[in-house]
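Chain and residue survey
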Amino acid sequence: VLYLEQLLCCVQSMIAVCRQQCAHISLQAMKVLVTILASPASESLYHKIQDVMLSLAEVQGVNGLQGLYQQHMPELMHWASKGHEHWTSFSMERAQFEILVSESGPVIGEHLDLLLPVLRTCLHPDKEPQMRLKLFTLLSKLLLKANESVNSRGQFHLYSETFIQDILVPNLKWYAGRTAGAIRTIAVSCLWVLLQSDVLSPEEVLPVQEVLMPQVLATLEEDSKTSRLVSCRIIKTLLGICGQHLDPDKLNKIYPEVVKRLDDASEEVRMAAAKTLGLWFKFIDERYERTTYRGHLEFLYRCLLVHLDDTDTALQATVLDVLKEGSVVYPSVLVQEIEAMKHKHKTPDYCDQLLLHIQNHSSAST
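Thresholds, definitions, all that
- Residues numbered from 1 in each chain as written.
- Predicted model: local features only at pLDDT ≥ 70, side-chain atom pairs only at ≥ 80, totals over all residues.
- Heavy atoms only, no water.
- Helix = DSSP H or I, 4+ residues; strand = E, 2+ residues; numbered from the N terminus.
- Rg over C-alpha atoms; globule rule 2.2 N^0.38 Å.
- Buried < 20%, exposed > 50% of the residue type's maximum accessible area, 1.4 Å probe, protein only.
- Contact = heavy atoms within 4.5 Å.
- Areas by Shrake-Rupley, 256 points an atom, 1.4 Å probe, with all protein chains shown as cover.
- Axes fitted to C-alpha atoms, helices over the stretch in contact; angles between N-to-C directions.
- Parallel < 35°, antiparallel > 145°, perpendicular 65-115°, else oblique.
- Left-handed = near helix turned anticlockwise from the far one by under 90°.
- Nonpolar A, V, L, I, M, F, W, Y, C, P; charged D, E, K, R; others polar.
- Polar contact = N/O pair within 3.5 Å; in protein donor to acceptor, adjacent residues only side chain to side chain.
- UniProt positions renumbered as here; feature names shortened; annotations may be inferred.
- Phe/Tyr/Trp six-rings, centres within 6.5 Å; stacked < 30°, edge-to-face > 60°.

Looking up the protein in an unreviewed UniProt entry gives the name Dynein axonemal assembly factor 5, with the organism given as Engystomops pustulosus.

In terms of regular secondary structure, the protein is built from 18 helices and zero strands. Its C-alpha atoms give the protein a radius of gyration of 27 Å, clearly above 21 Å, the size a compact globule of 366 residues would have. The C-alpha extent of the protein, read off along each of the three principal axes, is 90 × 35 × 35 Å. Counting every position in the protein, which comprises 366 residues, the buried fraction comes to 52%. Taking the contacts inside the protein whose residues are at least 6 apart along the sequence as the reference set, 68% of them involve residues at least 24 apart. Of the roughly 17,200 Å² that the protein leaves accessible, carbon and sulfur atoms contribute 53%.

Helix 14 (residues 267-282) packs onto helix 13 (residues 248-260) with a crossing angle of 160° between their chain directions and a minimal axis gap of 10 Å. By the angle between their directions, the pair helix 13 and helix 14 is classed as roughly antiparallel. The two elements helix 13 and helix 14 meet at a crossing, and its hand is left-handed. Contacts from Leu251, Asn252, Ile254, Tyr255, Val258 and Val259 of helix 13 reach helix 14 at Ala273, Thr276, Leu277 and Trp280. Each residue belonging to the contact of helix 13 with helix 14 can be placed in one class, and the counts come to eight nonpolar, two polar and no charged.

Counting through the fold element by element, Arg270 comes out in helix 14. A distance of 2.9 Å separates the side chain of Arg270 from the side chain of Glu267, its partner in a polar contact. In contact with Arg270, other than residues within four places in its own chain, are Arg261, Leu262, Asp264, His307, Asp310, Asp312 and Leu315.

All right, on to the UniProt feature "repeat: HEAT" (unreviewed entry) in the protein then. According to UniProt, the "repeat: HEAT" (unreviewed entry) feature falls on residues 254-292. Annotated as residues 254-292, this span is 59% helix and 0% strand, and its ends, taken at the C-alpha atoms, are 17 Å apart.

Before going further, it helps to spend a moment on the packing of aromatic side chains. Evaluation of the coordinates by the stated rule reveals eight aromatic pairs. Taking 5.3 Å as the distance between ring centres and 70° as the angle between the ring planes, the aromatic pair formed by Phe156 and Phe163 counts as edge-to-face. In this structure Phe156 comes out as buried when scored by relative accessible area, which is 2%. Of the residues examined, Phe163 reaches a relative accessible area of 0% and is grouped as buried. For the pair Trp280 and Phe281, a centre-to-centre distance of 5.4 Å together with 75° between the ring planes defines the contact as edge-to-face. Across this residue pair, the class does not change: Trp280 and Phe281 are buried.

Here's what the structure looks like:
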């Protein structure tokens, strides 16, 4: 820290002496300041470094820190990303690159053409896991405030396909080990944040859903509760965006994995799975030939009816709503399944409510 503090004093002294002439050494001074910021020992110096940067901006007449980064960002990005193919979690250049991306605020949104290729290379599954974890942590922070960082110019959607297919999807694939599991968790979290933001339109999600859906369905089996919960929410979101474009065979690949989560150890995951199934029923249309796919519906109704007698009353109520939603698909089959299972339930109240709902709905339709 003492060494870094002395180095900082040198830069500060140069700015004080050179004043407007600092324009000639501004880029070099920024490289020194970014390197100090990137040092693990620099935490206690953060505010001092910011003050020196502001002084550098002031003597040049640029608009604060943002103006300073804007002035030098292309050169700084090229400087920091040099040799990124060989980075590890210990690389100083990686730390410098992270500082540039995280500290430059909305300026990074103007340089996605320099950011994305580096991320694509460094987040490849054959790169060091610890480095990938660090970069994904950075990415998740950026995506949480996308409009103040990577999407500050509304251009991120132009890179969304390569971001999803070349960066997120490869990191959702299963590899053995705890660190690999942590990477899948943070990758799926990044995807969730991206889908929750206003960065992508439904038209931009549609082309990548076929690549995404199988990988996200696989993460429903993760040991991490966070992964399973976020994956349920992503599937529900993807259904909401793409459901009407899914044919019966694609729909039938989704529900078996989701229905398993009704037996999850986490109540939160079970509830998310039930709500996802409720939405799944909404996308069964005339293409879903009832006789051909009867077995699928029987199985799904049966699984849901088991949880209509669940010990969790909140889940019971949600499953009742899901079955009411799903009853319109094949009411006669659901009635048969209710009659076959009703006697096994501790209380028949929910079954009776469901039968009454089906009866009333049939009468109204008639």
